[in-house]
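As a plain string of letters, each chain reads:
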Amino acid sequence: MRQLDLVTSEGAAYTAPSGAPLVTITAYGTPAPQGAISYNGGGRGYYSNDKTLRPWRAAVRDAAMEVLGTHEHKPPTRERKGRSGPCVTCGIPRRDHGHLKGAYVVLMTVTLPPLTTPRALPVTRSSGDWDHHGRAIGDALTQASVWADDAQVVDGRVRKFYPGHPLALDRPGAVIQIWRVS
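Here goes a summary of the coordinates provided. The structure presented is a predicted model; accordingly, all values stated were derived computationally and were not measured. (Residues numbered from 1 in each chain as written. Predicted model: local features only at pLDDT ≥ 70, side-chain atom pairs only at ≥ 80, totals over all residues. Heavy atoms only, no water.)

1. Some points on the pairing of strand 8 (residues 173–180)
And then number 1: Burial analysis of strand 8 places seven of its eight residues in the buried class, the great majority of the element.
And then number 2: Both strand 3 (residues 23–28) and strand 8 contribute to a ladder of six bridges, which runs antiparallel. Looking at strand 8, one finds that A27 is bridged to A174.
And then number 3: By the bridge criterion, eight bridges tie strand 6 (residues 104–111) to strand 8 in an arrangement that is antiparallel. Within the sheet, the bridge partner assigned to T111 lies in strand 8 and is G173. (Buried < 20%, exposed > 50% of the residue type's maximum accessible area, 1.4 Å probe, protein only. Helix = DSSP H or I, 4+ residues; strand = E, 2+ residues; numbered from the N terminus. Pairing = 2+ DSSP bridges.)

2. Things to note about helix 2 (residues 130–143)
And then number 1: Taking 1.5 Å as the rise per residue, helix 2 with 14 residues should run 20 Å; its terminal C-alpha atoms sit 20 Å apart, in good agreement.
And then number 2: Every buried residue of helix 2 is listed here: H132, H133, G134, A136, I137, G138, A140, L141 and T142.
And then number 3: S145 occupies a position one or two residues after helix 2 and carries a positive phi of about 60°. (Expected span 1.5 Å × (residues − 1).)

3. Concerning the nonpolar core
And then number 1: Ranked by size, the top nonpolar core spans 30 residues in total, and within it I137, L141, V146, I176 and I178 carry the most contacts.
And then number 2: Among the secondary structure elements, those contributing two or more residues to this core are strand 3, helix 1 (50–68), strand 6, helix 2 and strand 8.
And then number 3: Ranked by the residues each element gives to this core, the list is headed by helix 1, at seven residues.
And then number 4: Setting aside residues no more than four positions away along its own chain, L141 makes contact with I25, V60, A64, V146, W147 and I176. (Core = buried A, V, L, I, M, F, W, Y, C linked by side-chain atoms within 4.5 Å. Contact = heavy atoms within 4.5 Å.)

Here's what the structure looks like:
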């Protein structure tokens, strides 16, 4: 990753790291983009691709929890709806329930399932918008308590490839690299 000079909201300069990432997570499964929420007749929100999105986010969450040894925030049963309150596993409040504290740079390299018609790069509509892949992965990492909120990502990049590309995995999945901002 190239070195970037950035400025914080307070005007202080920081440099995004160029060395080895602090954390590397590899998740296997069929990547699914996380698009906009649709609403049914009763006003209940849902993702139209929920059947593919849920298993993908679970694969990312499980891989992250295995690498970092974290667990999901589990609020007391009476507060499940709001997801607030201290975690029943460790007692930490939701706002502080994350392994990584501070600001981070994230590089996500997504390997999509191969197409029947060979193509060099995933530029088809079916490959999903790059930012929707980032949203799905970011939310899964939050669920895995990698960080308290994916708002801690101040610089993020998503790359999409098919198997066979030099930067791609040998099968569908993603490599997520995280650097601490100094």
